[in-house]
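Here is how the chains run, residue by residue.
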Amino acid sequence: MLNVLCIAGTRPNFIKVSALYHAFTQHPRFSPTLVHTGQHYDAQMSRVFFEQLGLPEPDLYLGVGSGTHGAQTAAIMQALEAHLIERPPDVVVVVGDVNSTVAATLAAVKLHLPVAHVEAGLRSFDRRMPEEINRLITDAISDVLYVSEESGLTNLKREGIADDRVVFVGNVMIDSLLRFQEHACGLDTAQAMFGLAPRSYLLVTLHRPSNVDVSERLLEIADVLETIQARIPVVFPVHPRTRQRLESQGLYKRLDALPRLHLAPPIGYLEFLSLMHDARGMLTDSGGTQEETTFLGVPCLTLRENTERPVTVTQGTNTLLALDKARILHHVDDIITSEPASATPPPLWDGQSAVRIADDLARRYTAQP
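Just so you know, these numbers come straight off a predicted model, no measurement behind them.

What counts as what
Residues numbered from 1 in each chain as written. Predicted model: local features only at pLDDT ≥ 70, side-chain atom pairs only at ≥ 80, totals over all residues. Heavy atoms only, no water. Helix = DSSP H or I, 4+ residues; strand = E, 2+ residues; numbered from the N terminus. Buried < 20%, exposed > 50% of the residue type's maximum accessible area, 1.4 Å probe, protein only. Contact = heavy atoms within 4.5 Å. Pairing = 2+ DSSP bridges. Axes fitted to C-alpha atoms, helices over the stretch in contact; angles between N-to-C directions. Parallel < 35°, antiparallel > 145°, perpendicular 65-115°, else oblique. Left-handed = near helix turned anticlockwise from the far one by under 90°. Phe/Tyr/Trp six-rings, centres within 6.5 Å; stacked < 30°, edge-to-face > 60°. Lys NZ or Arg CZ within 6 Å of the ring centre and 35° of its normal. Disulfide = S-S within 2.5 Å. Patch = residues over 30% accessible without salt bridge, like charges linked within 9 Å, V, L, I, M, F, W, Y side chains within 5 Å. Areas by Shrake-Rupley, 256 points an atom, 1.4 Å probe, with all protein chains shown as cover. Salt bridge = Lys/Arg side-chain N within 4 Å of Asp/Glu carboxyl O.

(A) Layout of the environment of Ala 8. Mapped onto the elements of the fold, Ala 8 is located in strand E1 (residues 2-8). For Ala 8, a relative accessible area of 1% corresponds to the buried category. Taking C-alpha positions, Ala 8 is 23 Å from Ser 274, a pair spaced 266 residues apart along the chain. The residues touching Ala 8, leaving out its near neighbours within four places in the chain, are Asn 13, Phe 14, Val 17, Val 35, His 36 and Thr 37.

Given below as structure tokens:
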């Protein structure tokens, strides 16, 4: 049996690891171990995701909590290293681009343990983003790189990564979406929680430091949301960090008083998938929702000047927007008045990505597949 250690730390990680863990438990060659670093630890940011995604209690919970990038990365490395020394796995599997990803990779590689990076090769080419640094480091030192979209193949080749380390497998985020879509849509969350009919509202998520940590920018975003809700109802599950920033500037009460802006605490994966599926459109700065809306055919406006997921723009429904109120409102009006185009999933976004990863790891690290 292949002892594979799966690392998860944040909500997007949980969604991806769910697909992998399921594939590993269904494969005769794997004995998976689940590690939760504790990077996201709030009940609505962590526990509810484990429950809804069918993940068991973690075999190891590191409990690192929040902190600066350096402190958080170091705490994860220190806590995980002790476990890796005591019980070295056959391979460590990391996903995404958060501090948990790079910390686990560094800890494992320094102990000469093989690392497989899922969602490798994505690049925004913006080194001001902490995630971009995490991607570059993780890809440079991992043993196997599993790519979710074709731009990743181009980026890794440009960076001199050997072809035999790179495998195009598709998107494990979509594996989970397909697995839970029917259940999620049956919840009718927009109607149940907010009294809103399908296709009658805009869904919003915002959490990136470049948007919420700059006072002037956050004020502009509040102004934009106030104008949008006069045109179409808005549902905004507020990330704890974003809420803290809004409250510190006196903006949360202002937004909460608006008649058609529905602020809510973070919600579970199934409820959020239901909201996204039924939304007229989405306004976000998240990477994962760019992918999910592309698959669902939901128009997505991304408040960023770049994206590490270009297929969502070239083949999907995603539009990149700088924080320009007039331009944002123009695109919102287009969403309100136009019928969404039919969705065309990118290559290998078919619900089988985790199975491909399990099969490839079995070939690489056991005597027979």
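(B) Expanded view of the sheet that holds strand E12 (residues 300-302). With respect to topology, six strands assemble into an open sheet ordered E10-E9-E8-E11-E12-E13, the strand pairing being parallel. Looking at strand neighbours, the two that pair on one side only are strand E10 (261-264) and strand E13 (318-320), the edges of this open sheet. With strand direction ignored, the average angle separating the axes of adjacent strands in the sheet is 20 degrees. As defined by bridge partners, E12 adjoins E13 across three bridges and the pair is classed as parallel. The residue of E13 that forms the bridge with Thr 302 is Leu 320.

(C) Highlighting the packing of helix H7 (residues 172-185) against helix H14 (residues 287-296). Two elements in contact, H7 and H14, have axes whose closest approach is 10 Å; the angle formed by their N-to-C orientations is 55 degrees. Here H7 is positioned oblique relative to H14, judged by the angle of their axes. Note on packing geometry: the crossing formed by H7 with H14 is right-handed. Residues Met 173, Ile 174, Leu 177, Leu 178 and Gln 181 of H7 lie in contact with H14, whose contacting residues are Gly 288, Glu 291, Glu 292, Phe 295 and Leu 296.

(D) The arrangement of the packing of aromatic side chains in detail. Applying the stated criterion to the full structure yields three aromatic pairs. Their ring planes at 65 degrees and their centres at 5.0 Å tell us that Phe 14 and Phe 50 sit as a pair that is edge-to-face. You can see Phe 14 sitting in helix H1 (residues 11-26) and its partner Phe 50 sitting in helix H2 (residues 47-52), a full 36 residues away along the chain. Phe 50 shares its class with Phe 14; the two are buried. On the numbers, 6.1 Å between centres and 85 degrees between planes, the contact of Phe 180 with Tyr 269 is edge-to-face. Pair noted here: Phe 180 is in helix H7 and Tyr 269 is in helix H13 (residues 269-278), with a separation of 89 residues, a long-range link. In this structure, Phe 180 and Tyr 269 share a single accessibility class: buried. Directly above the ring of Tyr 252 sits Arg 243, whose terminal nitrogen or CZ lies 4.1 Å from the centroid.

(E) Geometry of the state of the cysteines. A full pass over the atoms with the stated rule returns zero disulfides. Here Cys 185 is not disulfide-linked; the sulfur of Cys 300 is the nearest cysteine sulfur, at 17 Å. Exposure remark for Cys 300: the relative accessible area of 1% places this residue in the buried category.

(F) Spotlight on a nonpolar patch on the surface. Taken together, Ile 133, Ile 137 and Ile 141 make up a surface patch of nonpolar side chains, about 190 Å² in accessible area. Counting through the fold element by element, Ile 133 comes out in helix H5 (residues 130-141). Judged by relative accessible area, Ile 133 falls into the partly exposed class, the value being 31%.

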